[in-house]
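Tertiary structure, described
The lines below spell out each chain.
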Amino acid sequence: MTTGTASWLPLSPGERSVAIEVLVHGPLSRTDLARRLNLSAGSLTRLTKPLIESGLLVEAPDGGIVVETRQGRPSRPLDVVAQSRSFIGFKITGDMVYGVVTTLRSDIVARHDRPLGTHDPQEVVALLGEMTDELARAHPGLAGIGIGVGGRVEDRSTVGESPFLGWRDIPLAALVEERTGLPVVLENDVAALVEAETWFGAGRGLDRFVVLTIGAGIGYGLVLSGRRVPCAEEDGGFGRHWIIDPNGPLTPEGERGSAVSLLTIPSIRYQVQAATGREWTYEEILDLAAAGEPMPARVVDEAARALGTLIAQIANFAMPQKVLLAGEGVGLMDVGGATVEATIRAHRHPLAVPVALETKVSDFHDWARGAAVLAIQVLVLGAAEG
């Protein structure tokens, strides 16, 4: 097998479709693969030959799978060797960098986190370089790096604006490439998470799929016909303009009744602190609400109703087959899940199909994994989904 990622590129559109189908759904027999892609046997042979020769696809050991027989010759299913390439994914938050190493199928094989003591871009690049060096020692042959940040990303290379980091027009991908010598793909963190869930997670095989994240902010991603819908204002604070209750609470910035003012962790903490005179962690507020403490219970109940309203509105307009709720704020469902579900029903037509709501209890390593999936898509397959 070849050892350079570049030897797999460039892929033609047909080759890319075959490679993605096997990567996401394999191992697949040639008959099944041709059926999925509506290809003739001859066309499939023409497209798979260079992929096999380059080492991107292999004929998998049958391992109990019944092999095909064509003209008297056995044919093994096609697959990728997931361990043949490793990728780094980084998720940068305001105070931490979360790092993972994944296989070609995005399985996490290592985690490495470091505190972020400064937002100075050069210092952040140095830290990412140190983390890459340490991961490379244990995982030689890394094929590339994906980086996810909260904010607006341009051309998968530049942080246009990141309020969490105080950055504007930072060519982060080029800086990290120069430091590490590895190709780098940069993307908005929610977009990266949506790509990972579409290819390898809750949205795999679905035509219409939504990811909604709650935590430090509100994130939203829409998948139609199995592809993420990119938008210029991605993570540009859409939740600040989605008014849930015009008479709702204010944020510290003076916004009233928006999804951000009702649902984000900083806003929930702000409301409880303003009412009690004490600072509480998000987890403490949820515990107090579960115990029936009046003020935390009221704030959490408002948040649950806001979340139910938001999900119902998304379902009414986007009509997804599934809504995935993720982010560090999903603990709200443990306390207010019944209220969320009742509110969804109240804001939907009585004959509407129930919303398939899945809650993903995870940490920032899943966001880092999403960044690694972007690296797999772009660096290995040349698939520019966004």
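Further up the page is the structure itself.
Residues numbered from 1 in each chain as written. Predicted model: local features only at pLDDT ≥ 70, side-chain atom pairs only at ≥ 80, totals over all residues. Heavy atoms only, no water.

Some details on the packing of helix 8 (residues 265-276) against helix 10 (residues 294-318)
Two measures define how a pair of helices packs: the angle their axes make with one another and the distance between the axes. Just so we agree on the cut-off: Every axis in this analysis is a line fitted to C-alpha atoms, fitted for helices over the stretch in contact. Angles between the N-to-C directions lie between 0 and 180 degrees. Note on conventions: DSSP H or I runs of at least 4 residues are helices, E runs of at least 2 residues are strands, and numbering of each starts at the N terminus. Small angles under 35 degrees read as roughly parallel and large ones over 145 as roughly antiparallel, with 65 to 115 read as roughly perpendicular and the rest as oblique. Handedness of a crossing is defined here by the sense of rotation of the near helix relative to the far one, left-handed for an anticlockwise turn of less than a right angle and right-handed for a clockwise turn. Contact between two residues is taken to exist if any of their heavy atoms lie within 4.5 Å; hydrogens are not considered. In this classification, Asp, Glu, Lys and Arg are treated as charged, Ala, Val, Leu, Ile, Met, Phe, Trp, Tyr, Cys and Pro as nonpolar, and every other residue, Gly included, as polar.
The N-to-C vectors of helix 8 and helix 10 enclose an angle of 150°; their axes lie 10 Å apart at closest approach. As far as their axial angle goes, helix 10 and helix 8 are roughly antiparallel. Handedness of the helix 8/helix 10 crossing: right-handed. Residue-level inspection shows Ile268, Gln271, Val272, Ala275 and Thr276 of helix 8 in contact with helix 10, the latter providing Met295, Pro296, Val299, Glu302 and Ala303. Looking at the contact of helix 8 with helix 10 residue by residue, the classes come out as seven nonpolar, two polar and one charged.

Quick word on helix 5 (residues 172-180)
Put simply, the rule reads: Think of it in three bands: with a 1.4 Å probe and only protein chains considered, a residue is buried below 20% of the maximum accessible area for its type, exposed above 50%, and partly exposed in between. Read the arc as the range of directions from the helix axis to the C-beta atoms.
Within helix 5, the full set of buried residues consists of Leu172, Ala173, Leu175, Val176 and Thr180. Take helix 5 and look down its axis: the buried residues cluster within an arc of 165°, on one side only. In this structure, the buried side of helix 5 is in contact with strand 5 (86-92), helix 4 (121-138), strand 8 (142-149), strand 10 (158-162), strand 11 (167-170) and strand 12 (184-188). One or two residues past the end of helix 5 sits Gly181, with phi positive at roughly 75°.

So, the sheet that holds strand 5
Put simply, the rule is: Strand pairing is defined by DSSP finding a minimum of two bridges between the two strands.
Ordered by their spatial adjacency, five strands build an open sheet running 7-6-5-8-12, and the pairing between neighbours is mixed. Lying at the two open borders of the sheet, with one neighbouring strand each, are strand 7 (108-115) and strand 12. Along the sheet, successive strands turn relative to each other by an average axial angle of 20°, direction set aside. One ladder, built from five bridges, connects strand 8 with strand 12; its direction is parallel. Bridging across to strand 12, Gly146 finds its partner in Val185.

Some remarks on the pattern of salt bridges
In a structure, side chains of opposite charge can pair up when their charged atoms sit close to one another. The condition is simple: Any carboxyl oxygen of Asp or Glu that lies within 4 Å of a side-chain nitrogen of Lys or Arg is treated as forming a salt bridge with it.
Applying the stated rule across the entire model yields 18 salt bridges. Among the salt bridges present, the one from Glu59 reaches Arg30, with a minimum N-O distance of 2.9 Å. Taken as a pair, Glu59 in strand 1 (residues 58-59) and Arg30 in helix 2 (residues 30-37) lie far apart in primary sequence, 29 residues in all. Exposure remark for Arg30: the relative accessible area of 12% places this residue in the buried category. Here Arg228 ties to Glu187 by a salt bridge, and the two come within 3.8 Å at their closest N and O atoms. You can see Arg228 sitting in strand 15 (residues 227-228) and its partner Glu187 sitting in strand 12, a full 41 residues away along the chain. Residue Arg228 is classed as buried on the basis of its relative accessible area of 4%. Within the structure, one salt-bridge network assembled from shared partners comprises Glu21, Asp32, Arg35 and Arg36.

Quick look at the environment of Leu379
Tracing the backbone shows Leu379 in helix 12 (residues 364-380). Each C-alpha atom, one on Leu379 and one on Ala143, is 8.0 Å from the other, the two residues being 236 residues apart in sequence.

Section: the sheet that holds strand 11
The three strands are arranged 9-10-11 in an open sheet whose pairing can be described as antiparallel. A single partner strand is all that each edge strand has here, and the edge strands are strand 9 (152-154) and strand 11. Each strand of the sheet is rotated relative to its neighbour by a mean of 20°, with strand direction disregarded. Strand direction decides the pairing type here: strand 10 and strand 11, joined by three bridges, are antiparallel. Bridged to Glu161 within strand 11 is Arg168.

Let's talk about the nonpolar core
Taken as a class, soluble globular proteins show a tendency for nonpolar side chains to be buried jointly. Quick reminder of the rule: Nonpolar cores are built from buried Ala, Val, Leu, Ile, Met, Phe, Trp, Tyr and Cys residues. Side-chain atoms within 4.5 Å join them into one set.
By size, the foremost hydrophobic cluster in this structure holds 36 residues, and its most contacted members are Leu212, Leu263, Leu307 and Leu332. Looking at this core, the elements with two or more residues in it are strand 13 (208-214), strand 14 (218-224), helix 7 (259-263), helix 8, helix 9 (282-290), helix 10, strand 16 (322-326) and helix 11 (332-346). Tallying contributions element by element places helix 10 first for this core, with eleven residues. Ignoring sequence-local partners within four residues, the contact set of Leu307 consists of Leu212, Ile214, Leu263, Leu325, Leu332, Met333 and Val340. Listed in part, the 33 residues of the second largest apolar core include Leu23, Leu51, Phe200 and Ala372.

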